[in-house]
Amino acid sequence: MASSKSYLNFILEQLSELKGIEYKAMMGEFIIYYCGKIVGGIYDDRLLVKPTPSAISLMPNARYELPYQGAKEMLLVDDVDSKEFLSTLFNKMYEELPEPKKK
């Protein structure tokens, strides 16, 4: 099942206070970037993020889910209604995310 553009737009609105949020469509899903680093994505209308130490500490009860078959597990973000929480989550995760690969 592909993600809907309306769910993408909702998440982008929730992240609107952060500068540097971008996305790329990929096979019906959306990869979310923060200042050039991949934070996670929208898969089947679910916001999933990489399981960094700060994400795990901010969401200790989060479920690990597969974005798609054969992928690494990611954390499901349940609290997508809070702009403040999402901003905190992305800001704390940023330093722990790997640098983008050089092309």
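Provided above is the structure to which this section pertains.
Notes on the structure follow. Since the structure is predicted, the reported quantities are computational estimates derived from the model, not experimental observations. (Residues numbered from 1 in each chain as written. Predicted model: local features only at pLDDT ≥ 70, side-chain atom pairs only at ≥ 80, totals over all residues. Heavy atoms only, no water.)

### Digging into the overall build of the protein chain
Item 1. A count of helical and extended segments in the protein chain gives 3 helices and 6 strands.
Item 2. Along its sequence from the N terminus, the protein chain presents helices and strands in the succession α-β-β-β-β-α-β-β-α.
Item 3. Taking 2.2 N^0.38 as the reference for a compact globule, 103 residues should give roughly 13 Å; the C-alpha atoms of the protein chain span a radius of gyration of 13 Å, in line with that estimate.
Item 4. Taking the principal axes of the C-alpha coordinates as reference, the protein chain spans close to 30 × 30 × 30 Å.
Item 5. In the protein chain, buried positions account for 43% of the 103 residues.
Item 6. Accessible surface computed for the protein chain: about 6,300 Å², of which carbon and sulfur atoms make up 54%. (Helix = DSSP H or I, 4+ residues; strand = E, 2+ residues; numbered from the N terminus. Rg over C-alpha atoms; globule rule 2.2 N^0.38 Å. Buried < 20%, exposed > 50% of the residue type's maximum accessible area, 1.4 Å probe, protein only. Areas by Shrake-Rupley, 256 points an atom, 1.4 Å probe, with all protein chains shown as cover.)

### A word on helix 3 (residues 83-94)
Item 1. Taking 1.5 Å as the rise per residue, helix 3 with 12 residues should run 16 Å; its terminal C-alpha atoms sit 16 Å apart, in good agreement.
Item 2. Burial in helix 3 covers these residues: Phe-85, Leu-86, Ser-87, Leu-89, Phe-90 and Met-93. (Expected span 1.5 Å × (residues − 1).)

### Side note on the environment of Val-77
Item 1. By secondary structure assignment, the location of Val-77 is in the loop between strand 6 (74-76) and helix 3.
Item 2. For Val-77, the contacting residues outside a window of four places in its chain are Leu-47, Val-49, Met-59, Phe-85, Leu-86 and Leu-89. (Contact = heavy atoms within 4.5 Å.)

### Considerations on the packing of aromatic side chains
Item 1. Within the structure shown, the criterion is met by 5 aromatic pairs.
Item 2. Taking 6.2 Å as the distance between ring centres and 40 degrees as the angle between the ring planes, the aromatic pair formed by Tyr-7 and Phe-10 counts as tilted. Linking Tyr-7 with Phe-10, this pair stays in helix 1 (residues 5-14), spanning 3 residues, or about one helical turn.
Item 3. Members of the aromatic cluster, joined through ring pairs, are Tyr-34, Phe-90 and Tyr-94.
Item 4. Stacked on the ring of Tyr-94, the Lys or Arg Lys-37 has its end atom at 4.1 Å from the ring centre. (Phe/Tyr/Trp six-rings, centres within 6.5 Å; stacked < 30°, edge-to-face > 60°. Lys NZ or Arg CZ within 6 Å of the ring centre and 35° of its normal.)

### Comments concerning the sheet that holds strand 3 (residues 37-43)
Item 1. Pairing is antiparallel across the open sheet formed by 6 strands, whose spatial order is 1-2-3-4-6-5. If you trace the sheet from one side to the other, it starts and ends with strand 1 (21-26) and strand 5 (64-65), each paired once.
Item 2. Sheet analysis places strand 4 (residues 46-49) next to strand 6, joined by 2 bridges and oriented antiparallel. Paired with Leu-48 across the bridge in strand 6 is Leu-76. (Pairing = 2+ DSSP bridges.)

### So, the side chain of Ser-54
Item 1. As for its position among the elements, Ser-54 is in helix 2 (residues 53-58).
Item 2. Taking relative accessible area as the criterion, Ser-54 reaches 10% and is therefore assigned buried.
Item 3. A polar contact of 2.7 Å, which involves the side chain of Ser-54, links it to the side chain of Glu-96.
Item 4. Those residues in contact with Ser-54, other than ones at most four positions away along the chain, are Lys-92, Met-93 and Glu-96. (Polar contact = N/O pair within 3.5 Å; in protein donor to acceptor, adjacent residues only side chain to side chain.)

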